[in-house]
Each structure stands twice: as C-alpha cells, then as structure tokens.
Amino acid sequence: MHLRSSRVLPSGALAALTVSAVALAGCGGPAGGAATADTPLADKGFSELTAEGSPVDGGSLTYATNQEPDCLDPHVSGLNAVAAIDRNVVDSLVSIGPDGTARPWLATSWTTSSDLRTYTFTLRDDVTFHDGAPLDAAAVKANFDRIAAPETESHLAVTLLGPYESTTVVDEKTVEVRFTQPYAPFLQAASTTNLGLLSPASFAKGCKQIVGSGPFAFEAWHAGQDVVLTRNTAYRHGDPAHLAEVTFRFLPDESVRLGALRSGQADLAYNLSPISVRTVEADTSLSLLAASPPGGVFSLYLNNASGPLSDERVRVAVQRALDLDTIVASASANQYDRAWSPISPATPGYDASLEDSWPHDTKLAGEKLDAAGWRDRDADGYRTKDSERLRLVWLSPAVESPNQVQAAIAQLIQASLKEIGIELVLDSVPVGTYLDRAYRAFDYDVFGSAYGGGDPDVLRLEFSSANRPKDGTPDGNVTLLAEPEVDRWLDEGVATADPEARAEAYAKVQKYVTDHAVAIPVYVPTTIGAVSAKVRGLTWDPSGFPRLHGAWVVT
Amino acid sequence: VTELAARAPRRGWRVLRFFASRALVLLGAATVAFLALHLLPGDPVAATLGALPSTPEIVARVRAELGVGQPIPQQYVEFLLRLVTGDLGTSYQLDRPVTEVVGEQLSSTLVLAATAAVLGFALALAVALATTGRRRRGRRFFASAVELTVVSTPSFWLGILLLTAFSFRLRIFPVVGDEGGVPSLVLPAVTLALPIAAVLAQVLRGELDHALTQPFALTARAHGLTERAVRRLALRHALLPVTTLAGWIVGSLMSGAVLVETIFGRPGVGRVTAQAVTNGDLPVVVGVVLLSALLFVALSALVEVLYLVIDPRLRS
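Moving on to the overall build of chain B. For chain B, the helix and strand inventory stands at 13 helices and 0 strands. When the helices and strands of chain B are placed in sequence order, the string is α-α-α-α-α-α-α-α-α-α-α-α-α. Residues counted as buried form 40% of the 316 residues belonging to chain B. Of the contacts formed within chain B by residues at least 6 apart in sequence, a portion of 70% connects residues at least 24 apart. Carbon and sulfur atoms make up 70% of the accessible area of chain B, which amounts to about 16,700 Å² in all.

In structure tokens:
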C-alpha cells in the first residue's frame with residue numbers, strides 16, 4: 001500500500017483514497033487470548049521473527065516511520081499513518097482471520113439478518129477503556145452515531161459504515177446495527193481500525209489524543225517528533241502486551257530511517273522503498289518485512305468518458321502495448337509483482353483466472369489502433385488521425401517527494417507507448433490545479449492510483465457509476481465508467497453473505513474491467529519494512545502493519 | 001535650546017515614518033499572501049476535505065466555515081481584520097488555529113536557528129581572522145576551497161553526510177528529536193551553520209583584507225600597535241557589510257530549517273512548512289509567510305540600529 005505523504009497527495013495517485021484506505025483490513029486481537037487472527041510475519045523469509053524463546057516483559061521499542069498523523073482520531077483521519085499507530089490502541093468488534101472470515105474480538109458472537117441489513121452483536125463484559133469507562137452497548141452506539149454525524153467530518157470511517165441507518169442498544173451487552181440497504185462488507189469494515197471503538201468521553205477532546213481499550217494506551221504526542229504509547233496494565237481481554245513503551249518516531253527521509261535502524265537508534269523502520277531491500281538483506285542484524293495486503297492494486301485508470309481513450313480499441317491497444325512483467329520488475333528492483341486484476345491476490349474474491357489473460361501483444365495493439373483510425377504517422381513517429389496526434393495526458397499532483405517506483409513506471413510506460421506511436425505526456429501539476437482538473441474538468445486521459453481496502457467492495461469505489469467525481473468533489477471512479485451491468489454486479493456483491501456468490505459477482509466486475517480495458521492493473525502494492533533481530537514476536541496485521549501486541553525485545 | 005525644541009517633532013516624524021514604512025511592508029506581505037490563498041487555482045473545500053468522497057452536508061459545512069462564496073474584497077477586509085487580532089485562520093489539514101500550529105513549534109526552531117547563527121558567525125570570524133593578511137596564502141587558499149565546497153553542497157546532503165559519519169558510524173550524536181537536549185542539537189545546528197559560516201567567512205576575509213590596506217591601518221601600525229590590535233580595529237570596519245547580510249542569514253536559516261528539521265526528524269516551523277506545502281495547507285503556508293515577513297521587518301529595523309552602534313559616523 002502506498003503510505004506516503006498526505007491526505008491530499010499520495011504520490012502520483014488519487015489522493016486520500018490511496019493513502020487512507022489501507023486501514024480497511026483491520027486486524028484481530030486475541031479474543032480471550034485464544035484464537036488470534038494475526039498471521040505470522042512469514043512473508044518473504046520472515047519466519048525467524050515469530051515468537052522464539054520466551055517473551056520478556058518490559059523494554060521499549062522505537063518504530064521509525066515516514067509520516068506524522070494529522071489527527072490521531074481514526075474516526076476522523078483516513079491516513080495509514082494514523083491507523084498504523086491506532087491499531088495498537090483501539091480494539092474492534094470483530095477481527096478478520098487469514099481465511100477472510102470474521103472472528104470474535106470485542107464481540108463474542110453476532111447474528112446477521114437474512115436481508116443483510118441488521119447485525120446484532122453480543123459484547124464481552126470485561127472490557128474497559130483506558131480512562132476506566134466500560135465498553136458496553138451504549139458506547140458502541142455512541143461510536144457509530146458519531147462516525148455517521150456530518151460534524152465529525154470523517155474521512156474514511158464514514159464510508160466504511162456504508163448505508164448506515166442507526167444503532168440500537170438492546171441491553172447492556174447487546175447492540176443492533178442497522179443499514180438502509182443490504183451491506184455484506186460490514187463485518188470486514190467493523191474489523192478495521194477506523195471503525196475501532198473509542199471512549200465516548202474522549203470524543204470532545206479532539207485530535208491530539210486517543211482513548212481506546214487496546215493493549216497499549218496513548219501517552220504523548222510531541223508534534224513534529226514522535227507519538228509514545230505505554231502498556232495498558234489493565235488489559236484483561238487477552239494477554240497483555242510485553243513492551244512497556246513504544247515510540248513512533250517520524251523520520252521523513254528514508255536513508256535516515258534506515259541509518260537509525262542500522263545504528264540501533266530505532267528497532268523497526270517502516271515504509272522503505274524496494275531499492276533499500278538489498279541493504280537490508282545484506283545486514284545480518286536486520287530482517288526484511290514485506291506484505292501485500294488486500295485491496296486495490298496500483299492501476300492506470302483510463303478516462304472512459306472523453307478523449308482518445310473513450311474508444312475501447314485505443315484502451316485495449318494501450319493495455320496490450322505494455323510489457324508489464326518487465327516494467328514492474330525493473331522499476332521495483334524485482335520487489336513488486338505485476339498485477340492482472342484491479343484487486344490484489346490477497347483480496348477475497350480475487351479472480352485468478354485473469355492471470356495471463358491479457359498478455360503483452362504489440363501486434364494486436366497496432367491493429368487496434370489502425371482499426372480505430374490512428375493510421376498515419378507524423379514527423380516524430382506518433383500516430384495521427386485527421387492530422388491530430390494521438391496524445392495522452394497522465395495527470396498527477398506535484399509532490400515534494402514523489403514515489404520513485406511510480407515515477408520509474410511512468411517513464412517506462414511512456415517509452416513503451418512511444419514505440420507503438422502514442423505520445424504520453426506526464427503532467428505533474430500543483431495541488432489546486434490538480435484537484436480541479438481531476439474532479440471538475442476531467443481533464444486527463446490517465447490517472448495512476450491504488451485504492452486500499454480489505455473487501456472486494458473496493459471495486460465499487462473504483463468503478464461504480466455512483467462513485468464518479470462531480471462538481472469538483474473528489475471520488476473514486478476516475479475512469480468515469482457508467483455501466484449498468486457493472487453497477488448491478490457490485491450491488492449483488494454486497495447483497496449476499498455467501499462468499500461464493502460474492503466472489504462470482506466480483507469476478508464479473510474484474511473481468512469486465514480487463515476485457516474492456518477500463519483500467520490497466522499495473523502492480524500489487526507491497527509494504528516494505530525492516531526490523532532489528534532483537535525484536536521478537538511481531539505479527540502482521542492483515543492490512544500490512546506490524547502489530548506490537550505480542551512483541552518483545554531481547555537484550 | 002530652541003534648536004533642540006525644533007528637532008524634537010522632526011525626530012517624532014522620523015520615528016513615525018520608520019514604523020509606517022514597516023507596516024506597509026507587512027501589509028504588502030499580507031496582501032500577497034491573501035491573493036495566493038484566494039486566487040490560486042484549486043478549491044479550498046477540496047483541499048480541506050482531502051480527496052475523499054464526502055457527503056453534500058459536509059461540503060456545505062466546510063464551505064460555510066471557509067467563507068467561500070463571499071465577494072473577494074469582503075473576504076480581504078475580513079482577512080486583514082482577523083490578522084490585526086492575531087487570528088491567522090485554521091489549518092485545513094490539522095483543523096487547528098494556525099497561530100497554535102506554528103506557535104508551538106516556534107521555540108524549537110528559534111533554538112536551532114539561534115544556535116546555528118551564533119555557531120556560524122563564530123566559525124566565520126575565527127576562519128577569517130586566521131586566514132587574512134599577508135604571509136597566509138596557503139591557509140587562505142585551503143579555507144577558500146573548503147568554503148566554496150560547503151556553499152555548493154546542498155544542505156540535505158550535508159546533513160546526511162554528518163548523520164552518517166557522526167551518528168550512524170561513530171554514534172557520538174543521536175539521530176533524532178530534540179528531547180536529547182544539547183547532543184541532539186549539535187548535528188542539525190552544524191548542518192545549518194556551515195553554509196552560513198562559509199559565506200560569512202568569505203565576506204569577512206575580503207572586508208578585513210580591504211580594511212587592513214586602509215590608511216588608518218597603516219597609521220595604527222606606524223604608531224606601533226601590534227598586528228592583533230590593528231586587526232581588532234579593522235574588524236569594526238569589516239563588520240558593517242556583514243550586518244547588511246543579516247537579512248540573507250535569516251532567510252538562509254528559515255529555508256535551511258525546512259530541510260534540516262525534516263532530515264533530522266526535529267519538530268519546528270520548517271517541518272510544519274514542509275508538510276503544509278506538500279499537503280496544500282495554504283493557511284499554514286500563509287502563516288509562515290507572514291511570520292517570515294514580520295521577522296525580516298523586525299530584523300531590518302534592528303540592523304539600522306546596529307549600524308549606528310558599529311559606525312558612529314552614521315549617527316549624525
């Protein structure tokens with residue numbers, strides 16, 4: 001996932017959606033210490049990090065990361081940077097296991113009405129918030145009502161609540177959440193940090209603190225420097241944390257994060273680029289962390305509504321002209337996998353049959369362009385029609401520190417398209433201009449972005465006609481696709497709880513997208529970090545964050 | 001007596017003009033900031049909300065909060081009135097008053113900048129005094145070469161070099177934060193001070209060389225003053241042009257802080273500025289612009305007073 005700069009500007013991608021939505025796939029805390037939903041950090045040679053030897057209580061861990069939160073409240077902020085910290089502080093109603101099913105967390109059990117509009121949760125009776133307030137049905141209602149209220153100005157949590165209607169307190173330990181329409185993704189959404197439960201007494205205290213019920217409690221936020229968490233000694237609903245203190249230190253420069261880790265001034269460095277992988281692998285005191293969480297992949301969203309790409313033949317030509325295996329491998333130092341579907345392989349409902357279904361084929365690309373009337377060439381070798389050049393604009397916001405992988409990919413794509421006679425202009429513009437051109441004037445042909453999210457319903461954000469931006473209000477569907485069939489499949493996907501029926505509906509959407517080249521999936525986002533060999537017992541949150549609940553440090 | 005009485009109102013007039021001209025500079029800065037905020041392309045509502053799907057209710061609420069839709073002149077007057085009362089508006093991204101956002105970071109930057117300024121000046125003075133005058137060709141050539149190299153090195157690179165050497169390898173200084181007190185201040189302050197020291201040393205040496213060839217230096221030597229004492233006399237002459245560079249020094253410290261604070265993970269106004277620029281958080285950017293303008297104006301006033309202290313000839 002691309003956890004970069006800001007809410008407005010993820011490098012080269014559609015702003016917040018990219019950065020923010022990683023949190024979607026929340027994670028399970030041990031409910032009653034029994035079934036834990038955490039998967040070990042076994043990804044890419046990581047097994048040595050799983051609990052080895054006996055845990056040591058106490059000690060502190062310094063976690064070097066690039067981005068400082070804008071607001072610590074996960075109901076308000078949509079940033080990954082916030083969810084990565086908050087996951088250790090707030091608990092959720094349920095967790096999602098590696099198999100994609102919901103497991104107990106704060107809720108011991110739940111029932112779902114047959115129309116998928118009512119969810120009834122039975123809560124644990126032994127959970128208190130860090131301020132001592134009980135976590136009961138009234139607290140759950142207060143949380144969800146608050147997220148839905150416009151004055152909260154929620155960036156991400158409100159979208160996770162979907163067609164929220166109301167919450168009813170049945171009794172102290174039973175709570176009923178109702179939706180205006182069938183909403184199958186709710187359990188997945190409820191497992192995220194953004195729908196995590198905060199002490200209602202803390203709502204009014206603003207962004208600079210957070211009061212949850214998790215294994216760590218918020219201690220301090222030194223603006224511009226770090227956020228400090230301490231062990232929640234009153235944690236009763238699972239094994240308490242081992243670490244006495246965790247410091248999230250904000251070091252925007254990657255070489256400084258890596259230097260701090262290698263010199264022992266940090267224990268974990270997060271958000272490294274693929275280029276750093278070799279350095280990490282060469283250092284025996286470090287282990288590599290890498291994960292490809294569920295959600296959307298980095299795709300080229302093509303403008304289906306206007307310009308040359310409104311012609312499907314031209315879109316298919318672009319799709320087939322790109323040798324993505326080579327482009328992705330060279331741009332990411334062999335660290336990222338190329339993508340075949342608009343959602344990543346870790347997402348439930350991923351359609352593996354799309355793999356190799358639209359291979360690199362420059363001959364086909366040329367034929368499609370000829371058929372579309374782009375036959376002649378101008379002096380620079382670009383194709384023309386009615387003496388107008390086949391020219392595509394890739395719009396992106398100018399950011400301080402652009403994502404190097406995406407920049408390299410853009411240049412390689414530009415070179416590939418030139419070979420078949422298409423001019424690709426990489427147009428990086430100031431934020432204000434960008435928002436206006438992207439969401440009001442739709443003045444672009446190509447848009448590079450990755451949307452996070454643990455549920456295949458992320459496809460709705462990407463391709464539903466209802467999610468087209470309008471009047472300058474940013475939204476997800478920048479392909480501007482308005483296809484009733486796709487909308488219907490997306491509705492089917494949220495109207496059933498049956499995983500197979502859902503997978504079938506979403507497979508149709510994925511196939512439509514690649515068959516008609518609505519968007520071109522490019523690579524599977526991978527989060528890379530490195531951790532000192534002193535750190536043990538780390539686990540991997542399904543959304544791609546190292547989880548500190550079970551971690552300890554050996555001396 | 002009559003002459004003194006006649007001069008009093010004239011002096012009052014001069015003081016008034018002194019302040020009025022500076023107020024005009026501030027008004028100019030505020031106006032430019034306002035225009036940047038309102039006439040740049042882009043929707044402040046979109047910038048406030050970030051690029052997430054938002055309900056029409058939220059959009060309407062934010063529009064009202066930002067005063068979008070009122071005529072520009074009315075917004076301008078209201079903006080100025082708010083400025084006079086010390087209200088710089090609210091950060092889009094952090095949803096907190098700009099004065100608070102910038103204010104709580106100010107002390108950290110002031111400590112860093114002041115340390116760097118003192119360090120830079122001291123270093124420049126030492127180098128210039130050690131390399132000026134005859135019979136010092138070799139030293140001077142070496143110092144010049146080092147100064148030129150430092151000036152032409154981007155400060156983020158300088159910072160990373162210092163970090164790699166003294167923090168990552170030798171582990172003398174911590175990499176991050178300002179909670180470490182003096183040790184954690186050393187590397188950032190040196191990074192910020194070196195380019196300033198390099199430029200100041202060049203200017204000071206040139207001025208010293210020039211002053212030492214002046215008739216007064218010859219006279220002083222003829223009177224049997226030691227070379228040391230002659231240099232002290234010459235220094236006073238050399239310092240005057242350096243004072244003029246004060247504005248440049250402040251500018252260099254402020255822009256340097258943006259990079260240095262980001263690299264060293266230090267809190268401060270520079271870091272806030274970098275984030276605000278990246279996030280398109282214009283109220284914060286404008287706040288920093290106005291703060292810089294205020295600083296420049298205050299400093300130029302101080303420099304004028306300093307001229308009078310250093311060079312008595314200007315007092316008449």
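What follows is about the overall build of chain A. Along its length, chain A carries 15 helices and 26 strands. For chain A, buried positions account for 63% of its 555 residues. Contacts in chain A between residues far apart in sequence, at least 24 positions, make up 70% of those at least 6 positions apart. Surface accessibility of chain A: about 18,300 Å² in total, with carbon and sulfur atoms responsible for 49%.

Our focus in this paragraph is unusual backbone geometry. Generally, phi is negative for residues other than glycine and the peptide bonds are trans, each holding for most cases. Positive phi values are uncommon outside glycine, yet A:F442 reaches one of about 50 degrees. By the element assignment, A:F442 lies in the loop between helix 12 (431-439) and strand 20 (446-452).

The share of residues in chain B with pLDDT of 70 or more is 83%, and the mean pLDDT across the chain is 81. Confidence metrics for the complex model read pTM 0.80 and ipTM 0.73.

Let us look at the state of the cysteines. Residue and element names in this part refer to chain A. For the structure shown, the criterion picks out 1 disulfide over all chains. The side chain of C71 participates in a disulfide bridge whose partner is C207; the two sulfur atoms lie 2.1 Å from each other. Where C71 bonds to C207 through sulfur, the torsion about that S-S bond is close to -80 degrees, and the disulfide is left-handed. With a gap of 136 residues between them, C71 in the loop between strand 2 (60-65) and helix 2 (80-86) and C207 in the loop between helix 5 (186-190) and strand 9 (216-222) connect regions that are remote in the sequence.

The next point concerns the sheet that holds strand 21 (residues 519-523) of chain A. Residue and element names in this part refer to chain A. In spatial order, the strands read 19-18-20-14-21; together these 5 strands make up an open sheet with mixed pairing. At either end of the open sheet lies a strand with only one pairing partner, and these are strand 19 (423-429) and strand 21. Across the sheet, the mean angle separating the axes of adjacent strands is 30 degrees when strand polarity is ignored. Pairing analysis gives 7 bridges linking strand 18 (residues 391-397) to strand 19, with the strands arranged parallel. Bridged to S396 within strand 19 is S428.

This next bit is on helix 11 (residues 246-263) of chain B. All names here are of chain B. With 18 residues, helix 11 ought to run about 26 Å at 1.5 Å a step, and its terminal C-alpha atoms sit 25 Å apart, in line with that. Of all the bends in helix 11, the largest measures some 30 degrees and sits at A257. Along helix 11, the residues classified as buried are A246, I249, V250, S252, L253, G256, A257, V260, E261 and I263. Downstream of helix 11 by one or two residues, G265 has phi in the positive range, about 60 degrees.

Residues and elements named next belong to chain A. Throughout the structure, instances matching the rule amount to 4 cavities of 30 Å³ or more. Looking at the largest cavity, it is lined by 12 residues, and the ones nearest its centre are T65, Q67, N80, A81 and A84. If you tally residues by element for the lining of the largest cavity, the top one is helix 2, at 4 residues. The class makeup of the residues in the lining of the largest cavity is 7 nonpolar, 5 polar and no charged. Of the voids in this model, the second largest cavity is the one considered here, and its volume is about 50 Å³. Every residue along the wall of the second largest cavity is listed here: D73, R146, L198, S202, F203, G206, Q209, I210 and V211. Here the residues of the lining of the second largest cavity are counted per class, giving 4 nonpolar, 3 polar and 2 charged.

Moving on to the packing of helix 10 (residues 227-244) of chain B against helix 13 (residues 282-310) of chain B. All names here are of chain B. Two elements in contact, helix 10 and helix 13, have axes whose closest approach is 10 Å; the angle formed by their N-to-C orientations is 175 degrees. It follows from the interaxial angle that helix 10 and helix 13 lie roughly antiparallel. The residues of helix 13 that touch helix 10, namely those facing R236, L240, T243 and T244, are V303, L306, Y307, V309 and I310. Across the contact of helix 10 with helix 13, the residue classes break down as 6 nonpolar, 2 polar and 1 charged.

Residue and element names in this part refer to chain B. One way to put it is that helix 5 (residues 98-131) packs onto helix 13 with a least axis distance of 9 Å and a crossing angle of 55 degrees. By the angle between their axes, helix 5 is oblique relative to helix 13. Note on packing geometry: the crossing formed by helix 5 with helix 13 is right-handed. Contacts between helix 5 and helix 13 involve V98, V102 and L106 on the former and, on the latter, P283, V284, G287, V288 and L291. Split into classes, the residues belonging to the contact of helix 5 with helix 13 amount to 7 nonpolar, 1 polar and no charged.

To continue, consider the nonpolar core. One finds A:L300, A:I413 and A:F463 to be the most contacted residues of the largest nonpolar core, which totals 75 residues. Considering each element in turn, this core owes the most residues, 5 residues, to helix 11 (residues 404-419) of chain A. In terms of nonpolar packing, the next biggest core, distinct from the first, is built from 39 residues, B:L112, B:V175, B:A234 and B:L235 among them.

This part takes up helix 5 of chain B. Residues and elements named next belong to chain B. Between the first and last C-alpha of helix 5 there are 47 Å, a value that for 34 residues agrees with the 50 Å anticipated at 1.5 Å per step. Taken as a whole, helix 5 carries its principal kink of about 40 degrees at L106. The positive-phi residue at the C-terminal boundary of helix 5 is G133, with phi of around 90 degrees.

The rules behind the values
Residues numbered from 1 in each chain as written. Chains lettered and ligands numbered in written order. Predicted model: local features only at pLDDT ≥ 70, side-chain atom pairs only at ≥ 80, totals over all residues. Heavy atoms only, no water. Helix = DSSP H or I, 4+ residues; strand = E, 2+ residues; numbered from the N terminus. Buried < 20%, exposed > 50% of the residue type's maximum accessible area, 1.4 Å probe, protein only. Contact = heavy atoms within 4.5 Å. Areas by Shrake-Rupley, 256 points an atom, 1.4 Å probe, with all protein chains shown as cover. pLDDT = per-residue confidence, 0-100. Disulfide = S-S within 2.5 Å. Pairing = 2+ DSSP bridges. Axes fitted to C-alpha atoms, helices over the stretch in contact; angles between N-to-C directions. Expected span 1.5 Å × (residues − 1). Bend = angle between axes of the 7 residues up to and from the residue. 1 Å grid on protein atoms, 1.4 Å probe; cavity = no way out; pocket = protein on both sides within 12 Å on 5 of 7 lines; lining within 4 Å. Points joined across faces, edges and corners; volume = space filled by probe spheres on them. Nonpolar A, V, L, I, M, F, W, Y, C, P; charged D, E, K, R; others polar. Parallel < 35°, antiparallel > 145°, perpendicular 65-115°, else oblique. Left-handed = near helix turned anticlockwise from the far one by under 90°. Core = buried A, V, L, I, M, F, W, Y, C linked by side-chain atoms within 4.5 Å.

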